[in-house]
Amino acid sequence: MSVFFRKTDCLFLSSVLYSTDSVSDCKHNPGVIAMLWEVLKNPVLISVVILLVLSALRLNVVFSLIIAALSGGLLAGKGGVETMNAFGTGLASGAKIAFNYAMLGAFSIAISRSGVTELLARELFKRIGGEVTPKKLFVFKYTLLLILTLAAVSSQNLIPVHIAFIPVLIPPLLQVFEKIRLDRRAVACILTFGLITPYMFLPFGFGRIYLNEVLIGNLNSNGLAVSASLAPKAMLIPALGMVAGLLIAVFISYRRPRDYDRAETETKVMEPAEIRPWNVGAGIVAILIGLAGQIWLDSLVIAALAGILVFVIARVISLRDTSDVFTQGVYLMGGIGIVMIAASGFAEVMKATGSVKALVDVVSVGIGDQRGLAVFLMLLIGLIITMGIGSSFSTVPLIAAIYVPLCVQLGISPLATISIVGVAGALGDAGSPVSESVLGPTAGLNADGQHDHIYDSTIPTFIHYNIPLLIAGWIAGMIL
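Everything numeric in this text was worked out from a predicted model, so none of it was measured.

(A) Structural context of the layout of surface pockets. Here the largest pocket is characterised by a volume of approximately 1300 Å³. Going through the elements one at a time, α6 (80-114), α11 (184-201), α12 (206-221), α16 (277-296), α17 (300-313), α18 (321-353), α21 (392-409) and α23 (436-445) are the ones with two or more residues in the lining of the largest pocket. With seven residues, α6 is the largest single contributor of residues to the lining of the largest pocket. Among the residues making up the lining of the largest pocket, the classes are represented as 19 nonpolar, 15 polar and seven charged.

(B) Representation of unusual backbone geometry within the structure. Of note, R58 is a non-glycine position whose phi angle comes to about 75 degrees, a positive value. Its location among the elements puts R58 in the loop between α4 (43-56) and α5 (61-75). Overall, R58 belongs to the exposed group, its relative accessible area being 55%. You will see that R315, though not glycine, has its phi angle at about 65 degrees, which is positive. Along the polypeptide, R315 turns up in the loop between α17 and α18.

(C) Region of interest: a nonpolar patch on the surface. A contiguous nonpolar surface patch, about 540 Å² in accessible area, is contributed by L59, F63, I66, I67, L70, L74 and M84. Per-element accounting of the nonpolar patch gives the leading share, five residues, to α5. When you line up the elements, L70 lands in helix α5. Residue classification places L70 among the partly exposed positions, given a relative accessible area of 31%.

(D) Summary view of helix α8 (residues 134-154). When the terminal C-alpha atoms of α8 are compared, their 30 Å separation across 21 residues agrees well with the 30 Å that a helix rising 1.5 Å per residue should span. When α8 is considered as a whole, its buried residues turn out to be F140, K141, Y142, L144, L145, L148, T149, A152 and S154.

(E) The pattern of salt bridges, seen in detail. Taken as a whole and assessed by the stated rule, the structure comprises eight salt bridges. A salt bridge links R181 to D259, with the nearest nitrogen and oxygen atoms 2.8 Å apart. Of the two residues, R181 sits in the loop between α10 (174-179) and α11 while D259 sits in the loop between α14 (236-253) and α15 (262-268), which places them 78 residues apart along the sequence. Of the charged contacts, one joins R208 and E213 as a salt bridge, the two residues approaching to 2.7 Å between their closest N and O atoms.

(F) Region of the structure containing the packing of helix α20 (residues 371-389) against α21. The geometry of α20 relative to α21 is characterised by a closest axis approach of 9 Å and an angle of 160 degrees between their N-to-C directions. As far as their axial angle goes, α21 and α20 are roughly antiparallel. In the crossing of α20 with α21, the sense of the turn from one axis to the other is right-handed. Seen from α20, the contacting residues are L377, M378, I381, G382, I385, T386 and I389; seen from α21, they are S392, S394, T395, L398, I399, Y403, L406 and C407. For the contact of α20 with α21, the per-class residue count stands at ten nonpolar, five polar and no charged.

(G) Main features of the nonpolar core. Ranked by internal contacts, the top residues of the largest apolar core, which has 116 residues, are L65, L148, F177, L219, L379 and Y403. Filtering out sequence-adjacent residues up to four positions away, F177 remains in contact with L144, L148, I170, L182, V187 and L445.

Parameters at a glance
- Residues numbered from 1 in each chain as written.
- Predicted model: local features only at pLDDT ≥ 70, side-chain atom pairs only at ≥ 80, totals over all residues.
- Heavy atoms only, no water.
- 1 Å grid on protein atoms, 1.4 Å probe; cavity = no way out; pocket = protein on both sides within 12 Å on 5 of 7 lines; lining within 4 Å.
- Points joined across faces, edges and corners; volume = space filled by probe spheres on them.
- Helix = DSSP H or I, 4+ residues; strand = E, 2+ residues; numbered from the N terminus.
- Nonpolar A, V, L, I, M, F, W, Y, C, P; charged D, E, K, R; others polar.
- Buried < 20%, exposed > 50% of the residue type's maximum accessible area, 1.4 Å probe, protein only.
- Patch = residues over 30% accessible without salt bridge, like charges linked within 9 Å, V, L, I, M, F, W, Y side chains within 5 Å.
- Areas by Shrake-Rupley, 256 points an atom, 1.4 Å probe, with all protein chains shown as cover.
- Salt bridge = Lys/Arg side-chain N within 4 Å of Asp/Glu carboxyl O.
- Expected span 1.5 Å × (residues − 1).
- Axes fitted to C-alpha atoms, helices over the stretch in contact; angles between N-to-C directions.
- Parallel < 35°, antiparallel > 145°, perpendicular 65-115°, else oblique.
- Left-handed = near helix turned anticlockwise from the far one by under 90°.
- Contact = heavy atoms within 4.5 Å.
- Core = buried A, V, L, I, M, F, W, Y, C linked by side-chain atoms within 4.5 Å.

Written as C-alpha coordinates, this is what we have:
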(Lines give C-alpha, C1' and ligand atoms only; values in the text may rest on other atoms or scores of the structure.)
Protein backbone atom coordinates (compact mmCIF):
# COMPACT_ATOMS: atom_id res chain seq x y z
CA MET A 1 0.00 0.00 0.00
CA SER A 2 2.88 2.41 0.66
CA VAL A 3 3.41 2.84 -3.06
CA PHE A 4 0.38 5.17 -3.10
CA PHE A 5 2.16 7.65 -0.85
CA ARG A 6 4.88 10.16 -1.59
CA LYS A 7 7.69 10.06 0.95
CA THR A 8 6.62 13.44 2.31
CA ASP A 9 2.97 12.51 2.67
CA CYS A 10 1.99 12.11 6.31
CA LEU A 11 3.84 11.35 9.51
CA PHE A 12 1.14 9.35 11.23
CA LEU A 13 -0.26 7.75 8.06
CA SER A 14 3.18 6.56 7.03
CA SER A 15 3.89 5.18 10.48
CA VAL A 16 0.74 3.07 10.22
CA LEU A 17 2.20 1.61 7.06
CA TYR A 18 5.53 1.00 8.86
CA SER A 19 7.47 3.11 6.38
CA THR A 20 10.43 4.47 8.39
CA ASP A 21 11.75 6.53 5.50
CA SER A 22 8.44 8.37 5.20
CA VAL A 23 8.36 8.96 8.94
CA SER A 24 11.83 10.46 8.81
CA ASP A 25 10.93 12.70 5.88
CA CYS A 26 7.79 13.93 7.60
CA LYS A 27 9.85 15.00 10.60
CA HIS A 28 11.68 17.38 8.31
CA ASN A 29 8.48 18.80 6.91
CA PRO A 30 7.43 21.51 9.40
CA GLY A 31 4.42 22.39 7.23
CA VAL A 32 2.84 18.99 7.77
CA ILE A 33 3.55 18.97 11.50
CA ALA A 34 2.23 22.51 11.96
CA MET A 35 -0.89 21.62 10.00
CA LEU A 36 -1.55 18.54 12.10
CA TRP A 37 -1.06 20.59 15.25
CA GLU A 38 -3.61 23.16 14.03
CA VAL A 39 -6.11 20.35 13.45
CA LEU A 40 -5.51 18.81 16.88
CA LYS A 41 -5.97 22.06 18.80
CA ASN A 42 -9.05 23.19 16.86
CA PRO A 43 -12.03 23.82 19.21
CA VAL A 44 -14.40 21.85 16.96
CA LEU A 45 -12.24 18.73 17.16
CA ILE A 46 -11.80 19.09 20.91
CA SER A 47 -15.54 19.64 21.39
CA VAL A 48 -16.42 16.56 19.37
CA VAL A 49 -13.91 14.49 21.35
CA ILE A 50 -15.41 15.76 24.61
CA LEU A 51 -18.89 14.89 23.35
CA LEU A 52 -17.87 11.37 22.39
CA VAL A 53 -15.88 10.68 25.57
CA LEU A 54 -18.65 11.90 27.88
CA SER A 55 -21.24 9.92 25.94
CA ALA A 56 -19.05 6.80 26.11
CA LEU A 57 -18.84 7.30 29.88
CA ARG A 58 -22.65 7.07 29.83
CA LEU A 59 -23.35 10.71 30.63
CA ASN A 60 -26.67 11.62 29.03
CA VAL A 61 -26.16 12.80 25.44
CA VAL A 62 -27.98 16.10 26.07
CA PHE A 63 -25.73 16.89 29.06
CA SER A 64 -22.71 15.88 26.98
CA LEU A 65 -23.77 18.23 24.19
CA ILE A 66 -24.13 21.17 26.57
CA ILE A 67 -20.72 20.58 28.17
CA ALA A 68 -19.05 20.06 24.76
CA ALA A 69 -20.64 23.23 23.36
CA LEU A 70 -19.56 25.29 26.37
CA SER A 71 -16.03 23.87 26.17
CA GLY A 72 -15.77 24.63 22.46
CA GLY A 73 -16.98 28.20 22.93
CA LEU A 74 -14.54 28.90 25.75
CA LEU A 75 -11.62 27.35 23.85
CA ALA A 76 -12.45 29.57 20.88
CA GLY A 77 -12.25 32.67 23.06
CA LYS A 78 -15.98 33.17 23.50
CA GLY A 79 -17.30 33.99 26.94
CA GLY A 80 -19.69 31.70 28.75
CA VAL A 81 -22.65 34.04 28.23
CA GLU A 82 -21.93 34.51 24.53
CA THR A 83 -21.51 30.77 24.06
CA MET A 84 -24.79 29.91 25.74
CA ASN A 85 -26.59 32.67 23.83
CA ALA A 86 -25.44 31.04 20.60
CA PHE A 87 -26.52 27.66 21.98
CA GLY A 88 -29.96 29.07 22.78
CA THR A 89 -30.27 30.56 19.29
CA GLY A 90 -29.58 27.17 17.76
CA LEU A 91 -32.24 25.42 19.83
CA ALA A 92 -35.00 27.03 17.79
CA SER A 93 -34.00 25.26 14.59
CA GLY A 94 -34.31 21.88 16.32
CA ALA A 95 -37.79 22.52 17.73
CA LYS A 96 -39.54 21.61 14.47
CA ILE A 97 -37.73 18.27 14.35
CA ALA A 98 -38.62 17.51 17.97
CA PHE A 99 -42.29 18.28 17.38
CA ASN A 100 -42.29 16.07 14.28
CA TYR A 101 -40.91 13.19 16.34
CA ALA A 102 -43.50 13.66 19.08
CA MET A 103 -46.31 13.47 16.51
CA LEU A 104 -44.69 10.48 14.88
CA GLY A 105 -44.53 8.75 18.25
CA ALA A 106 -48.23 9.40 18.86
CA PHE A 107 -49.07 7.99 15.42
CA SER A 108 -47.00 4.89 16.19
CA ILE A 109 -48.89 4.31 19.45
CA ALA A 110 -52.22 4.68 17.64
CA ILE A 111 -51.15 2.13 15.02
CA SER A 112 -50.14 -0.33 17.73
CA ARG A 113 -53.64 -0.08 19.25
CA SER A 114 -55.24 -1.00 15.94
CA GLY A 115 -53.65 -4.45 16.03
CA VAL A 116 -51.76 -4.07 12.71
CA THR A 117 -48.33 -4.47 14.25
CA GLU A 118 -49.55 -7.22 16.58
CA LEU A 119 -50.87 -9.11 13.53
CA LEU A 120 -47.49 -8.71 11.83
CA ALA A 121 -45.65 -10.08 14.87
CA ARG A 122 -48.03 -13.06 15.19
CA GLU A 123 -47.61 -13.95 11.53
CA LEU A 124 -43.86 -13.94 11.92
CA PHE A 125 -44.15 -16.14 14.99
CA LYS A 126 -46.17 -18.61 12.92
CA ARG A 127 -43.41 -18.68 10.32
CA ILE A 128 -40.94 -19.68 13.02
CA GLY A 129 -43.21 -22.41 14.36
CA GLY A 130 -42.91 -24.31 17.59
CA GLU A 131 -39.72 -26.28 16.91
CA VAL A 132 -36.85 -24.08 15.78
CA THR A 133 -34.23 -26.14 13.92
CA PRO A 134 -30.82 -24.56 13.14
CA LYS A 135 -31.57 -24.56 9.40
CA LYS A 136 -35.02 -23.06 9.89
CA LEU A 137 -33.62 -20.44 12.24
CA PHE A 138 -30.84 -19.51 9.79
CA VAL A 139 -33.23 -19.07 6.87
CA PHE A 140 -35.78 -17.11 8.92
CA LYS A 141 -33.16 -14.87 10.56
CA TYR A 142 -31.47 -13.76 7.36
CA THR A 143 -34.74 -13.45 5.47
CA LEU A 144 -35.97 -11.12 8.20
CA LEU A 145 -32.73 -9.11 8.07
CA LEU A 146 -33.03 -8.84 4.30
CA ILE A 147 -36.59 -7.53 4.63
CA LEU A 148 -35.45 -4.95 7.19
CA THR A 149 -32.61 -3.88 4.86
CA LEU A 150 -35.01 -3.42 1.95
CA ALA A 151 -37.44 -1.49 4.16
CA ALA A 152 -34.67 0.83 5.36
CA VAL A 153 -33.35 1.41 1.82
CA SER A 154 -36.86 2.04 0.51
CA SER A 155 -37.47 4.65 3.22
CA GLN A 156 -35.02 6.94 1.40
CA ASN A 157 -36.39 6.73 -2.12
CA LEU A 158 -39.25 4.37 -3.05
CA ILE A 159 -41.30 5.43 0.00
CA PRO A 160 -39.37 8.47 1.27
CA VAL A 161 -40.39 8.51 4.94
CA HIS A 162 -36.85 8.53 6.38
CA ILE A 163 -36.90 7.24 9.98
CA ALA A 164 -40.70 7.40 10.32
CA PHE A 165 -41.07 3.66 9.67
CA ILE A 166 -38.80 2.63 12.55
CA PRO A 167 -41.06 3.30 15.58
CA VAL A 168 -43.95 1.70 13.68
CA LEU A 169 -42.18 -1.45 12.45
CA ILE A 170 -39.45 -2.27 14.99
CA PRO A 171 -41.06 -2.31 18.50
CA PRO A 172 -43.59 -5.08 17.70
CA LEU A 173 -40.77 -7.16 16.22
CA LEU A 174 -38.67 -7.10 19.39
CA GLN A 175 -40.38 -10.23 20.69
CA VAL A 176 -39.57 -11.94 17.40
CA PHE A 177 -35.93 -10.82 17.70
CA GLU A 178 -35.87 -12.16 21.26
CA LYS A 179 -37.24 -15.56 20.25
CA ILE A 180 -34.62 -16.09 17.55
CA ARG A 181 -31.93 -14.58 19.82
CA LEU A 182 -31.05 -11.91 17.27
CA ASP A 183 -28.37 -9.40 18.25
CA ARG A 184 -30.04 -5.99 17.95
CA ARG A 185 -26.71 -4.38 17.11
CA ALA A 186 -26.96 -6.12 13.72
CA VAL A 187 -30.40 -4.57 13.23
CA ALA A 188 -29.04 -1.14 14.23
CA CYS A 189 -26.31 -1.50 11.59
CA ILE A 190 -28.87 -2.58 8.98
CA LEU A 191 -31.17 0.37 9.69
CA THR A 192 -28.30 2.88 9.65
CA PHE A 193 -27.00 1.40 6.40
CA GLY A 194 -30.43 1.82 4.82
CA LEU A 195 -30.72 5.40 6.05
CA ILE A 196 -27.33 6.53 4.67
CA THR A 197 -26.14 4.50 1.67
CA PRO A 198 -29.13 5.22 -0.63
CA TYR A 199 -28.85 9.01 -0.34
CA MET A 200 -25.08 8.96 -0.97
CA PHE A 201 -25.35 6.77 -4.08
CA LEU A 202 -28.87 6.59 -5.57
CA PRO A 203 -30.16 9.85 -7.15
CA PHE A 204 -33.74 9.29 -6.02
CA GLY A 205 -35.72 10.55 -3.03
CA PHE A 206 -33.32 11.90 -0.42
CA GLY A 207 -30.47 10.92 -2.72
CA ARG A 208 -31.73 13.39 -5.32
CA ILE A 209 -31.54 16.12 -2.70
CA TYR A 210 -28.07 15.15 -1.42
CA LEU A 211 -26.41 14.29 -4.74
CA ASN A 212 -28.07 16.69 -7.17
CA GLU A 213 -28.93 19.70 -5.04
CA VAL A 214 -26.53 19.70 -2.09
CA LEU A 215 -23.40 18.04 -3.51
CA ILE A 216 -23.43 18.94 -7.22
CA GLY A 217 -25.12 22.28 -6.50
CA ASN A 218 -22.36 23.36 -4.11
CA LEU A 219 -19.60 22.11 -6.39
CA ASN A 220 -21.03 24.09 -9.31
CA SER A 221 -21.46 27.23 -7.20
CA ASN A 222 -17.81 27.00 -6.18
CA GLY A 223 -16.45 26.86 -9.72
CA LEU A 224 -16.45 23.16 -10.59
CA ALA A 225 -18.73 22.58 -13.59
CA VAL A 226 -19.89 18.97 -13.24
CA SER A 227 -23.03 17.13 -14.26
CA ALA A 228 -25.36 15.46 -11.76
CA SER A 229 -25.09 12.28 -13.83
CA LEU A 230 -21.49 11.84 -12.61
CA ALA A 231 -22.46 11.63 -8.92
CA PRO A 232 -23.50 7.94 -8.78
CA LYS A 233 -20.34 6.90 -10.63
CA ALA A 234 -18.18 8.96 -8.27
CA MET A 235 -19.89 7.51 -5.18
CA LEU A 236 -19.84 3.85 -6.29
CA ILE A 237 -16.59 2.91 -4.51
CA PRO A 238 -17.65 4.61 -1.24
CA ALA A 239 -21.04 2.86 -1.44
CA LEU A 240 -19.24 -0.47 -1.79
CA GLY A 241 -17.36 0.42 1.40
CA MET A 242 -20.70 0.79 3.16
CA VAL A 243 -21.81 -2.60 1.79
CA ALA A 244 -18.61 -4.17 3.12
CA GLY A 245 -19.32 -2.72 6.56
CA LEU A 246 -22.87 -4.09 6.50
CA LEU A 247 -21.71 -7.60 5.56
CA ILE A 248 -19.07 -7.59 8.30
CA ALA A 249 -21.62 -6.48 10.90
CA VAL A 250 -24.28 -9.04 9.93
CA PHE A 251 -22.17 -12.09 9.09
CA ILE A 252 -19.15 -11.64 11.39
CA SER A 253 -19.44 -9.13 14.25
CA TYR A 254 -23.02 -9.81 15.37
CA ARG A 255 -23.83 -13.21 13.95
CA ARG A 256 -23.75 -14.92 17.35
CA PRO A 257 -26.99 -15.24 19.34
CA ARG A 258 -27.64 -12.67 22.05
CA ASP A 259 -30.17 -13.03 24.85
CA TYR A 260 -32.43 -10.28 26.18
CA ASP A 261 -34.82 -10.21 29.13
CA ARG A 262 -38.06 -11.63 27.71
CA ALA A 263 -40.15 -10.27 30.59
CA GLU A 264 -38.88 -6.74 29.93
CA THR A 265 -39.68 -7.05 26.24
CA GLU A 266 -43.19 -8.35 26.89
CA THR A 267 -44.09 -5.69 29.46
CA LYS A 268 -42.45 -2.55 28.06
CA VAL A 269 -43.09 -2.87 24.34
CA MET A 270 -46.32 -1.30 23.07
CA GLU A 271 -49.16 -3.12 24.75
CA PRO A 272 -50.66 -5.88 22.58
CA ALA A 273 -53.97 -4.98 20.98
CA GLU A 274 -56.90 -7.23 20.31
CA ILE A 275 -56.90 -8.11 16.63
CA ARG A 276 -60.23 -7.12 15.04
CA PRO A 277 -60.72 -6.90 11.26
CA TRP A 278 -62.31 -3.45 11.50
CA ASN A 279 -59.44 -2.05 13.59
CA VAL A 280 -56.80 -3.63 11.37
CA GLY A 281 -58.52 -2.17 8.31
CA ALA A 282 -58.56 1.25 9.92
CA GLY A 283 -54.89 0.85 10.74
CA ILE A 284 -54.01 0.08 7.12
CA VAL A 285 -56.03 3.08 5.89
CA ALA A 286 -54.36 5.35 8.47
CA ILE A 287 -50.88 4.16 7.40
CA LEU A 288 -51.68 4.81 3.73
CA ILE A 289 -53.07 8.27 4.50
CA GLY A 290 -50.05 9.05 6.65
CA LEU A 291 -47.72 7.92 3.88
CA ALA A 292 -49.57 10.02 1.29
CA GLY A 293 -49.39 13.05 3.59
CA GLN A 294 -45.62 12.74 3.92
CA ILE A 295 -45.04 12.29 0.19
CA TRP A 296 -47.48 14.85 -1.23
CA LEU A 297 -47.66 17.46 1.52
CA ASP A 298 -44.08 16.99 2.76
CA SER A 299 -45.35 17.36 6.33
CA LEU A 300 -44.84 14.72 8.97
CA VAL A 301 -47.05 16.65 11.40
CA ILE A 302 -50.07 16.75 9.05
CA ALA A 303 -49.48 13.12 8.03
CA ALA A 304 -49.42 11.93 11.66
CA LEU A 305 -52.43 14.04 12.60
CA ALA A 306 -54.43 12.75 9.62
CA GLY A 307 -53.57 9.17 10.54
CA ILE A 308 -54.63 9.66 14.16
CA LEU A 309 -57.93 11.24 13.04
CA VAL A 310 -58.62 8.12 10.98
CA PHE A 311 -58.41 6.07 14.16
CA VAL A 312 -60.71 8.51 15.97
CA ILE A 313 -63.30 8.49 13.18
CA ALA A 314 -63.16 4.69 12.99
CA ARG A 315 -63.61 4.62 16.80
CA VAL A 316 -60.45 2.59 17.28
CA ILE A 317 -59.46 5.19 19.85
CA SER A 318 -61.76 7.67 21.58
CA LEU A 319 -61.30 11.42 21.82
CA ARG A 320 -60.50 11.00 25.50
CA ASP A 321 -57.78 8.44 24.65
CA THR A 322 -55.94 10.87 22.36
CA SER A 323 -54.29 12.52 25.39
CA ASP A 324 -52.88 9.18 26.50
CA VAL A 325 -51.78 8.36 22.94
CA PHE A 326 -49.89 11.64 22.67
CA THR A 327 -48.27 11.21 26.10
CA GLN A 328 -47.06 7.72 25.22
CA GLY A 329 -45.88 9.00 21.83
CA VAL A 330 -43.77 11.68 23.51
CA TYR A 331 -42.34 9.01 25.81
CA LEU A 332 -41.48 6.85 22.79
CA MET A 333 -39.94 9.48 20.52
CA GLY A 334 -39.52 12.60 22.69
CA GLY A 335 -35.98 11.67 23.73
CA ILE A 336 -34.68 11.73 20.18
CA GLY A 337 -36.36 15.10 19.64
CA ILE A 338 -34.67 16.65 22.68
CA VAL A 339 -31.29 15.33 21.53
CA MET A 340 -31.83 16.89 18.10
CA ILE A 341 -32.75 20.23 19.70
CA ALA A 342 -29.55 20.16 21.80
CA ALA A 343 -27.54 19.10 18.72
CA SER A 344 -28.83 22.18 16.86
CA GLY A 345 -27.59 24.36 19.72
CA PHE A 346 -24.20 22.64 19.65
CA ALA A 347 -23.91 23.15 15.88
CA GLU A 348 -24.76 26.84 16.24
CA VAL A 349 -21.99 27.30 18.83
CA MET A 350 -19.48 25.58 16.54
CA LYS A 351 -20.44 27.89 13.67
CA ALA A 352 -20.37 31.00 15.88
CA THR A 353 -16.79 30.28 16.98
CA GLY A 354 -15.55 30.30 13.39
CA SER A 355 -13.66 27.11 14.18
CA VAL A 356 -15.44 25.09 11.49
CA LYS A 357 -14.08 27.36 8.77
CA ALA A 358 -10.65 27.35 10.41
CA LEU A 359 -10.68 23.55 10.45
CA VAL A 360 -11.52 23.47 6.74
CA ASP A 361 -9.00 26.18 5.87
CA VAL A 362 -6.13 24.34 7.55
CA VAL A 363 -6.29 21.64 4.86
CA SER A 364 -5.01 24.04 2.25
CA VAL A 365 -2.02 25.15 4.35
CA GLY A 366 1.27 23.28 4.23
CA ILE A 367 0.10 20.38 2.03
CA GLY A 368 1.96 21.30 -1.14
CA ASP A 369 1.43 18.61 -3.76
CA GLN A 370 0.88 15.77 -1.28
CA ARG A 371 -2.31 14.32 -2.70
CA GLY A 372 -2.52 11.30 -0.41
CA LEU A 373 -2.33 13.41 2.74
CA ALA A 374 -4.68 16.05 1.34
CA VAL A 375 -7.40 13.51 0.46
CA PHE A 376 -7.11 11.86 3.87
CA LEU A 377 -7.32 15.16 5.77
CA MET A 378 -10.28 16.38 3.71
CA LEU A 379 -12.16 13.20 4.58
CA LEU A 380 -11.09 13.28 8.23
CA ILE A 381 -12.20 16.88 8.71
CA GLY A 382 -15.54 16.06 7.09
CA LEU A 383 -15.89 13.22 9.62
CA ILE A 384 -15.16 15.55 12.53
CA ILE A 385 -17.64 18.20 11.38
CA THR A 386 -20.48 15.77 10.69
CA MET A 387 -19.88 13.90 13.97
CA GLY A 388 -20.46 17.20 15.74
CA ILE A 389 -23.40 18.69 13.87
CA GLY A 390 -24.95 15.32 12.99
CA SER A 391 -26.00 16.24 9.44
CA SER A 392 -24.18 15.37 6.21
CA PHE A 393 -26.52 17.68 4.30
CA SER A 394 -25.23 20.62 6.39
CA THR A 395 -21.56 19.64 6.16
CA VAL A 396 -21.17 19.83 2.36
CA PRO A 397 -21.88 23.60 2.10
CA LEU A 398 -19.30 24.23 4.84
CA ILE A 399 -16.47 22.37 3.11
CA ALA A 400 -17.10 22.75 -0.62
CA ALA A 401 -15.77 26.32 -0.84
CA ILE A 402 -12.30 25.19 0.30
CA TYR A 403 -12.20 21.66 -1.06
CA VAL A 404 -12.99 22.56 -4.68
CA PRO A 405 -10.04 24.96 -5.26
CA LEU A 406 -7.76 22.65 -3.26
CA CYS A 407 -8.66 19.69 -5.47
CA VAL A 408 -8.07 21.81 -8.57
CA GLN A 409 -4.69 22.91 -7.19
CA LEU A 410 -3.68 19.29 -6.62
CA GLY A 411 -4.80 18.22 -10.09
CA ILE A 412 -7.58 15.99 -8.73
CA SER A 413 -10.13 15.06 -11.39
CA PRO A 414 -13.74 16.33 -11.20
CA LEU A 415 -14.95 12.75 -10.63
CA ALA A 416 -12.60 12.29 -7.67
CA THR A 417 -13.56 15.73 -6.34
CA ILE A 418 -17.23 14.73 -6.31
CA SER A 419 -16.31 11.58 -4.41
CA ILE A 420 -14.11 13.39 -1.87
CA VAL A 421 -16.67 16.08 -1.03
CA GLY A 422 -19.57 13.61 -1.07
CA VAL A 423 -17.81 11.18 1.26
CA ALA A 424 -16.50 13.96 3.52
CA GLY A 425 -20.11 14.99 4.05
CA ALA A 426 -21.46 11.48 4.60
CA LEU A 427 -18.67 10.43 6.98
CA GLY A 428 -19.87 10.76 10.56
CA ASP A 429 -23.58 10.43 9.80
CA ALA A 430 -23.13 6.87 11.06
CA GLY A 431 -21.59 6.72 14.50
CA SER A 432 -22.54 10.21 15.64
CA PRO A 433 -24.57 10.17 18.87
CA VAL A 434 -26.61 13.12 17.56
CA SER A 435 -27.34 11.82 14.06
CA GLU A 436 -30.88 10.86 13.05
CA SER A 437 -29.42 7.81 11.31
CA VAL A 438 -28.32 6.52 14.73
CA LEU A 439 -30.99 8.03 16.97
CA GLY A 440 -33.78 6.58 14.79
CA PRO A 441 -32.70 2.93 15.16
CA THR A 442 -32.19 3.42 18.90
CA ALA A 443 -35.71 4.81 19.30
CA GLY A 444 -37.18 1.60 17.85
CA LEU A 445 -34.79 -0.97 19.30
CA ASN A 446 -34.83 0.52 22.80
CA ALA A 447 -38.62 0.39 23.18
CA ASP A 448 -38.15 -2.09 26.03
CA GLY A 449 -35.10 -0.35 27.52
CA GLN A 450 -32.61 -3.04 26.49
CA HIS A 451 -30.71 -1.31 23.68
CA ASP A 452 -28.08 1.25 24.70
CA HIS A 453 -27.77 4.23 22.36
CA ILE A 454 -23.99 4.59 22.69
CA TYR A 455 -22.77 1.01 23.00
CA ASP A 456 -25.41 -0.74 20.87
CA SER A 457 -26.00 1.87 18.13
CA THR A 458 -23.36 4.62 18.07
CA ILE A 459 -20.15 2.62 18.48
CA PRO A 460 -21.19 -0.36 16.28
CA THR A 461 -22.25 1.92 13.41
CA PHE A 462 -19.13 4.07 13.76
CA ILE A 463 -16.82 1.06 13.51
CA HIS A 464 -18.63 -0.71 10.69
CA TYR A 465 -19.30 2.31 8.46
CA ASN A 466 -16.92 5.20 9.09
CA ILE A 467 -13.78 3.07 8.89
CA PRO A 468 -14.61 1.32 5.58
CA LEU A 469 -16.11 4.53 4.18
CA LEU A 470 -12.94 6.46 5.04
CA ILE A 471 -10.81 3.80 3.34
CA ALA A 472 -13.08 3.55 0.29
CA GLY A 473 -13.32 7.34 0.03
CA TRP A 474 -9.53 7.67 0.12
CA ILE A 475 -9.16 5.02 -2.58
CA ALA A 476 -11.75 6.77 -4.75
CA GLY A 477 -10.00 10.10 -4.25
CA MET A 478 -6.69 8.59 -5.33
CA ILE A 479 -7.71 6.51 -8.37
CA LEU A 480 -10.67 8.27 -9.99
